[in-house]
Amino acid sequence: MADCKDYGFMTRALHEGWNCDPATGALGLPIYATAAYQFHDGAHAARLFNLEEEGFTYSRIANPTVKAFEDTLASLEGGVGAVALSSGQAALAHIVAALCEAGTNVVVSRKVYGGTLTLLQNLFSRFGVEAILVDGDHPCQAEQAVNDGTRAIFTETIGNPVINVAPLEALARIAKRQGVPLVVDNTFASPALCRPIEWGAHIVFHSTTKYISGFGNIVGGAVIDGGNFDWAAWADKFPGLAKPDAGYHGVTFTERFGRAAFAAKLRASILRDLGGCPSPFDAYLLRMSLGTLALRMKRHSENALEIARFLENHPQVEWVRYPGLESHPQHDMAEVYLKDGCGGMMAVEVKGGVDAGRRFVDALKMIHHAANLGESRTLVTHPASTTHSQLAPEQRRAAGISDGMLRLSVGIEDARDIIADLERGLAAAR
Ligand SMILES: Cc1ncc(COP(=O)(O)O)c(C=O)c1O
């Protein structure tokens, strides 16, 4: 295998994680459709189970096809290790399970994906982990909210669905000062446009269902360990990482795995116990999609900027929120964190409220009205009636979601065809 660490992003996306099959010379990544692995002998099995040697025991914990995807993604995000999960929600749940226990809390930006809020506020709260919601656009609010029980600060690089840009460096500085990791959901930007670890984030996660897959053909998630948080310095807060782990016959993850302690803990302990593993077939598709991620994100960004400008000047549109537009409140920050492009996601308010929004989506011919994003085809969603419908109206308002707001996921088709369909929708909304 070539040493890829000095290669550029595109080269690593193609060459990292998998070279060729040493037995057959096959260049394609095999789909290792297996649950278990033959041990060389009893001593080998014992070494694997004692975490003294890297290898494969059972595909809930690790699988060679999944590993090829994980190693490639870790390299692209600039992390020391990655763990793939069965969905973005599974990724978040495994992170919280690794960091928190009853009586602790997480500080979370309220402008995040509705599923993140429901998981933290409704499910984890039943296990004694509180979610403290703040306006993540104002880092001082996050700092004021942190207390002795806090175990992480959560944000999204680009927020779903209000398309705000997170002040990554300020949040990372606060997290470091307070002795908690900054955890960033990088789904909307992808590592092709922003690598939060370079700006000080400690843990990154993805719904790989979106841009990383790119074709809407799988549901998946992944967590990347930045290797830059000093767990041992905060051992009382993170005993599962920095003290002997009773769940793993006394292993201290920071001592055994050094900078990659969090990824090791997540895999060997949390994934082993919770079991949210992906299928090797999905990992195969994801590893392939990473090869074109940078090309796709460039095209998504170019199309989206053209469409945002078209919509902003349209008389039927109340407002457009896209970080690439000068009118976006955090455009300056986007120029720093998203200098290679702002991706394909935008929020649009069509004049006329809910009814106009409904007429708009019903008139579309090419653009799909669907509850997904980050596909190569353009999609539109009405958050108030779909992704955020489980939130109370006042929670939606606090999260910045108006009733007529549409979330547009601009694809990589020809921009003029997308615009023609949008014109159809806007004419019907009038
Ligand atoms: C930003 C973001 N994070 C996480 C998730 C959850 O991911 P999944 O649907 O793969 O569980 C979503 C889903 O839409 C999302 O948009």
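Small disclaimer: the values here were computed from a predicted structure and weren't measured.

Q: Explain the nonpolar core residue by residue, including any values.
A: One finds F69, I307, L311, L338, M346, F360 and L422 to be the most contacted residues of the largest nonpolar core, which totals 82 residues. In terms of residues, this core owes the most to one element, helix 13 (residues 293–312), which gives eight residues. Counting the residues that make up this core, at least three belong to each of domain 1 (9–290) and domain 2 (294–429). Non-local contacts of F360, meaning those with residues more than four positions away in its chain, are made with V350, V380, L406, L422, G425, L426 and A429.

Q: Kindly report on the sheet that holds strand 3 (residues 130–134), identifying the contributing residues and their values.
A: Hydrogen bonding along the main chain pairs the strands of a sheet, whether they run parallel or antiparallel. The seven strands are arranged 1-7-6-5-4-2-3 in an open sheet whose pairing can be described as mixed. Since the sheet does not close on itself, it has two edges, and those belong to strand 1 (81–85) and strand 3, each with one partner. The average undirected angle you get between the axes of adjacent strands in this sheet is 20°. Bridge analysis of strand 5 (residues 182–185) against strand 6 (residues 203–207) gives three bridges, and the strand direction is parallel. If you follow V184 over to strand 6, its bridge partner there is V204. In this fold helix 4 (residues 88–99) packs onto strand 1, strand 4 (150–156), strand 5, strand 6 and strand 7 (221–225), with an angle of close to 150° to the strand it touches most, strand 6. Packed onto the sheet, helix 11 (residues 261–274) meets strand 1, strand 6 and strand 7 and runs at close to 30° relative to strand 1.

Q: Hey, could you go over the layout of surface pockets for me, with residue numbers and the actual values?
A: Within this model, the largest pocket holds a volume of roughly 830 Å³. Every residue lining the largest pocket is counted, 33 residues in all, and those nearest its centre are E54, K67, F257, A264 and R267. Of the residues in the lining of the largest pocket, the class split is 17 nonpolar, seven polar and nine charged. In this structure, the second largest pocket occupies an estimated 310 Å³ of space. As for the second largest pocket, its lining consists of 20 residues, of which Q89, Y113, N160, S207 and K210 are closest to the centre.

Q: So what's going on with the domain arrangement of the protein chain? Which residues, and what values?
A: When its domains are assigned, the protein chain resolves into domain 1 (9–290) and domain 2 (294–429). Taken together, the contact between domain 1 and domain 2 spans 38 residues of the former and 41 residues of the latter. Roughly 3100 Å² of surface becomes buried between domain 1 and domain 2 when both sides are summed, with 64% attributable to carbon and sulfur atoms. Its largest share of buried area at the contact with domain 2, domain 1 owes to V165, L193 and Y211, together 24% of the area lost on that side. Our count for the contact surface shared by domain 1 and domain 2 stands at zero salt bridges.

Q: Now, about the state of the cysteines: what can you tell me, with residues and values included?
A: Inspection of the entire model under this criterion finds zero disulfides. The thiol of C20 is not disulfide-bonded; the next cysteine sulfur, from C4, is found 13 Å away. Accessibility expressed as a relative area gives 31% for C20, which makes it partly exposed.

Q: Explain helix 11 residue by residue, including any values.
A: Look at helix 11: 18 Å from first C-alpha to last across 14 residues, which is about the 20 Å you get at 1.5 Å a residue. In the structure, helix 11 departs most strongly from a straight axis at R267, where the bend amounts to approximately 30°. Across the 14 residues of helix 11, 11 count as buried, placing the element largely inside the fold. Listing the buried residues of helix 11 in full gives A261, F262, A263, A264, K265, L266, R267, A268, S269, I270 and L271. Of the residues trailing helix 11, G275 is marked for its positive phi of about 75°.

Q: Before we move on, can you summarise the site of the ligand with the specific residues and values?
A: If you check the shell around the ligand, you find 14 residues, and the closest are G88, N160, D185, S207 and T209. For the ligand, an oxygen atom lies 2.8 Å from a polar atom in the side chain of S207. In the model, an oxygen atom of the ligand is placed 3.0 Å from a nitrogen or oxygen of the K210 side chain. Compared with its free state, where it exposes 390 Å², the ligand has 91% of that area covered by protein. Here the ligand is seated within the second largest pocket.

Q: An account of the packing of helix 4 against helix 11 is needed here, citing residue identities and associated values.
A: Remark: helix 4 packs on helix 11, axes separated minimally by 10 Å, with the N-to-C direction vectors making an angle of 105°. Relative to helix 11, the element helix 4 is oriented roughly perpendicular. The segment helix 4 lies against helix 11, with A93, H94, I95, A97, A98 and L99 engaging F262, L266, I270, L271 and L274. Among the residues forming the contact of helix 4 with helix 11, the class breakdown is 10 nonpolar, one polar and no charged.

Q: For the pattern of salt bridges, give the residues involved together with the corresponding values.
A: Evaluated as defined, the whole model comprises 18 salt bridges. Among the salt bridges present, the one from R177 reaches E143, with a minimum N-O distance of 2.6 Å. With R177 in helix 7 (residues 168–178) and E143 in helix 6 (residues 139–145), this residue pair connects regions lying 34 residues apart in the sequence. Here D421 makes a salt bridge to R424, at a shortest N to O gap of 2.4 Å. A residue pair is termed a helical-turn pair when its members lie 3 or 4 positions apart in one helix, as D421 and R424 do in helix 17 (residues 415–429) at three residues. Here the salt bridges do not stand alone but share partners, grouping E54, K67 and D71 into one network.

Basis of the calculations
Each chain has its residues counted from 1, following the order in which its sequence is written. Only residues with pLDDT of at least 70 get local features here, since the model is predicted, and only at 80 or more are side-chain atom pairs given and counted; chain-wide, interface and lining totals rely on the full set of residues. Excluding hydrogens and water, the side-chain values take into account all heavy atoms of the structure. As used in this record, nonpolar core signifies buried Ala, Val, Leu, Ile, Met, Phe, Trp, Tyr and Cys residues forming a set joined through side-chain atoms within 4.5 Å. Between buried and exposed lies partly exposed: a residue is buried under 20% and exposed over 50% of the maximum accessible area for its type, with that area taken using a 1.4 Å probe on protein chains only. In DSSP terms, a helix is any run of H or I states spanning at least four residues, a strand is any run of E spanning at least two, and both are numbered starting from the N terminus. An automatic or database domain assignment provides the domain bounds reported here. The contact definition used throughout considers only heavy atoms, calling two residues in contact when any of these lie within 4.5 Å. Here, strands pair whenever DSSP counts at least two bridges between them. Axis geometry follows a simple rule: fit a line to the C-alpha atoms, using only the stretch in contact for helices, then measure angles between N-to-C directions, giving values from 0 to 180 degrees. For cavity detection a 1 Å grid was placed over the protein atoms alone, and a set of points counts as a cavity when a 1.4 Å probe fits there but cannot get out; an open set counts as a pocket when protein lies on both sides within 12 Å along at least five of seven lines, with lining residues being those that have an atom within 4 Å of a point. Grid points are joined across faces, edges and corners, and a volume is the space filled by probe spheres set on the points. Throughout, the ten residues Ala, Val, Leu, Ile, Met, Phe, Trp, Tyr, Cys and Pro are labelled nonpolar, Asp, Glu, Lys and Arg are labelled charged, and all others, Gly among them, are labelled polar. Buried area adds together the accessible area that both of two parts lose upon being put together, with accessible area traced by a 1.4 Å probe. Think of a salt bridge as a Lys or Arg side-chain nitrogen and an Asp or Glu carboxyl oxygen that are within 4 Å of each other. Disulfides are defined as cysteine sulfur pairs within 2.5 Å. The span one expects for a helix is its residue count, reduced by one, times 1.5 Å. Working definition for bend: take the seven residues up to and ending at a residue and the seven starting at it, fit an axis to each, and measure the angle between the axes. The criterion for a residue being near a molecule or strand is simple. One of its heavy atoms has to lie within 4 Å of it. Contacts described as polar in this section are N or O atom pairs within 3.5 Å, which, within protein, must combine one atom able to donate a hydrogen with one able to accept it, while residues neighboring in sequence count only if both atoms come from side chains. Using the Shrake-Rupley algorithm and a 1.4 Å probe, accessible areas are obtained, with residue cover drawn only from the displayed protein chains. Grid points define the cavity or pocket, and a molecule sits in it when more than half of its atoms lie within 2 Å of them. Here the word oblique covers every angle except those under 35 degrees (roughly parallel), over 145 (roughly antiparallel) and from 65 to 115 (roughly perpendicular).

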